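So you can see what is in the structure, the chains are spelled out below.
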Amino acid sequence: MLRFSALGCVLAALAGCGSDSTEEQPSPDETGGSNNPTTGVSSTAGVGGGGTGGSIPGASTSTSGGSEPGTGGGTTTAGAGGSGGAPGDGGSDASSSTSAGAGGSPPTCDLPTTFKWKSGPPVISPKPPAGRSWASVKDPTIVFFENKYHVFATVYDTTSGNGGWQSMYTNFTDIPQANAAEQHYMAGWATGSTVAPQVFYFKPQNKWYLIYQWNGRYSTNDDINNMNGWSRPQGLLRGEPNNALDFWNICDDKNCYLFFSRDDGKLYRSKVSIDKFPNYDGYETVMSAPTASLLFEASNVYKVDGFNKYLLMVEAYDNSPRFFRSWTSESLDGPWAPLADTKQKPFAGPANVTYEGQDWSDDISHGELIRSGHDEKMTINACNLQFLYQGRDPNVGGDYGKLPYRLGMLTLQK
């Protein structure tokens, strides 16, 4: 099994997906498309930086217009006492890694420049309720709050015969318990199914948010433990382009940013002041690649605890199983500099993942890093990176929807 650190070091979040049973439609996304769709949708976005291959030029600026969980202590400088506390914000910026003083927060580390991961067997497999049949579980989002992991994920429901993208929710106190935890079918929830979701707590409004597709939508809840507390879907992005998918939100102190893909070799972003969230309006191109496969789907963006640094990850494939490319920046506005962005030297992919026991997947696909907090700043502690991802048996082919995707956990090797 995998090695997991104490909860004080890694307080986590990652999430799941689904689509409304009343709004099922063919998706250009990985959850509804071919194994490696390459639809070349032309962009209608405004100005943006065009890239070629690995290096990415700076992004242009955007044209858009219950009780609160504890905030916890920030990272501390060496020898200084921290305040501890519940899962909360990321640490303050620093130019070098910091160590925690007595009673302080965990130490922080800069991101490495090369990555080596280890995976155990799947930690979450489809476990449908009575009367349902699921072929796969995919696109997880995960968050750790009040001593529990909360996971939302996409499932492919084959009960009706033709099948359809739906979603489930589960919670558990420890990763080894994940596979045994009950999986709640979300088609009958007020949200409907929530395909390719992201979950986080938005502190300025004291509300939990689920962001999902199709189209870009959101629901809110005062209490993540209340499965009946989620609101009906609301539109997320005014002027959303066709084929938009895999929406990802992150905020700094002033603005919120919505990243998304279109399966056309470009990464897009909208921007809104934090007081106007979630009223996104308009969008632009962040970066471009020469082929759709090199900037595919499933973008993730995080703030690195203790550093003035953001990490951007995007799923890709290159006549190969899926892998993640990565970039860093000092600002969510960019520019983004390549970190580990090739098939040979990826952020995570077949080239740098080994398995304990059976090598059960070639794909390292749509997932989420375990976060150090749970709020809109999407913080990670680079001292102990773990990534909940979707993988599958490469020897099983056929209908894309019925491919046997499972959720596994990568742990970064020191």
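Summary of the structure given here.

The rules behind the values
- Residues numbered from 1 in each chain as written.
- Predicted model: local features only at pLDDT ≥ 70, side-chain atom pairs only at ≥ 80, totals over all residues.
- Heavy atoms only, no water.
- Helix = DSSP H or I, 4+ residues; strand = E, 2+ residues; numbered from the N terminus.
- Buried < 20%, exposed > 50% of the residue type's maximum accessible area, 1.4 Å probe, protein only.
- Pairing = 2+ DSSP bridges.
- Axes fitted to C-alpha atoms, helices over the stretch in contact; angles between N-to-C directions.
- 1 Å grid on protein atoms, 1.4 Å probe; cavity = no way out; pocket = protein on both sides within 12 Å on 5 of 7 lines; lining within 4 Å.
- Points joined across faces, edges and corners; volume = space filled by probe spheres on them.
- Nonpolar A, V, L, I, M, F, W, Y, C, P; charged D, E, K, R; others polar.
- Salt bridge = Lys/Arg side-chain N within 4 Å of Asp/Glu carboxyl O.

1. A closer look at the overall build of the protein
Then, number 1: A count of helical and extended segments in the protein gives 0 helices and 25 strands.
Then, number 2: Burial analysis of the protein (414 residues in total) assigns 59% to the buried set.

2. A look at the sheet that holds strand β10 (residues 234-235)
Pairing between the strands of a sheet is mediated by backbone hydrogen bonds and can be parallel or antiparallel.
Then, number 1: Strand order in the open sheet made by the 4 strands is β7-β8-β9-β10, with antiparallel pairing throughout. Unpaired on one side and paired on the other, β7 (195-202) and β10 mark the two borders of the sheet.
Then, number 2: Strand direction decides the pairing type here: strand β8 (residues 207-213) and strand β9 (residues 217-221), joined by 5 bridges, are antiparallel. Paired with Trp208 across the strands is Asn221, a residue of β9.

3. Side note on the sheet that holds strand β22 (residues 365-369)
Then, number 1: Taken in spatial order, the 5 strands of this open sheet run β21-β2-β25-β24-β22, and their pairing is mixed. Two strands lie at the open edges of the sheet, namely β21 (353-355) and β22, each paired on one side alone. Strand-to-strand twist across the sheet, computed as the mean angle between neighbouring axes with direction ignored, equals 30°.
Then, number 2: For β22 and strand β24 (residues 386-391), the ladder comprises 3 bridges, and the chain directions are antiparallel. The residue of β24 that forms the bridge with Leu369 is Phe387.

4. Looking at empty space enclosed by the protein
Then, number 1: What the largest cavity holds in volume is close to 80 Å³.
Then, number 2: Lining the largest cavity are 14 residues, with Pro197, Phe247, Trp248, Ser299 and His366 positioned closest to its centre.
Then, number 3: Residues that form the lining of the largest cavity fall into these classes: 6 nonpolar, 6 polar and 2 charged.

5. Some words on the pattern of salt bridges
Then, number 1: A full pass over the atoms with the stated rule returns 12 salt bridges.
Then, number 2: When the shortest N-O distance is used, the salt bridge between Arg269 and Glu284 registers 2.1 Å. One end of the pair, Arg269, is in strand β14 (residues 266-273); the other, Glu284, is in strand β16 (residues 284-288), with 15 residues separating them in the sequence.
Then, number 3: On the basis of relative accessible area, Arg269 is assigned to the buried category, the value being 0%.
Then, number 4: For Arg392, the salt bridge is made with Asp363, and the minimal N-O distance between the two is 3.4 Å. In this pair, Arg392 is assigned in the loop between β24 and β25 (406-412) and Asp363 in the loop between β21 and β22, connecting sequence segments 29 residues apart. Grouping residues by exposure puts Arg392 and Asp363 together as buried.
Then, number 5: One continuous salt-bridge network, built from bridges that share partners, spans Arg269, Lys271, Glu284 and Asp333.

6. Examining unusual backbone geometry
Then, number 1: Here the residue pair Trp214 and Asn215 is connected by a cis peptide bond, since its omega of -25° sits within 30 degrees of zero.
Then, number 2: Mapped onto the elements of the fold, Asn215 is located in the loop between β8 and β9.
Then, number 3: One non-glycine residue, Asp139, lies in positive phi territory at about 50°.
Then, number 4: Relative accessible area serves as the criterion here: at 0%, Asp139 is assigned to the buried category.
Then, number 5: Backbone geometry at Asn147 places phi at a positive 65°, although glycine is not the residue there.
Then, number 6: Assignment of secondary structure puts Asn147 in the loop between β3 (134-145) and β4 (148-157).

7. Quick notes on the environment of Asn384
Then, number 1: With respect to the secondary-structure elements, Asn384 resides in the loop between β23 (379-380) and β24.
Then, number 2: According to the relative accessible area criterion, Asn384 is buried, its value standing at 15%.
Then, number 3: For the pair Asn384 and Thr108, spaced 276 residues apart in sequence, the C-alpha to C-alpha distance is 9.1 Å.

8. Remarks on the pairing of strand β5 (residues 164-172)
Then, number 1: Most of β5 is tucked away, with 8 of its 9 residues classed as buried.
Then, number 2: In this sheet, β5 lies alongside β4 in antiparallel orientation, the contact comprising 9 bridges. For Val151, the partnering residue across the bridge sits in β5 and is Thr170.
Then, number 3: In terms of strand pairing, β5 meets strand β6 (residues 184-185) through 2 bridges, oriented antiparallel. Bridge pairing in β6 places Met168 opposite Tyr185.

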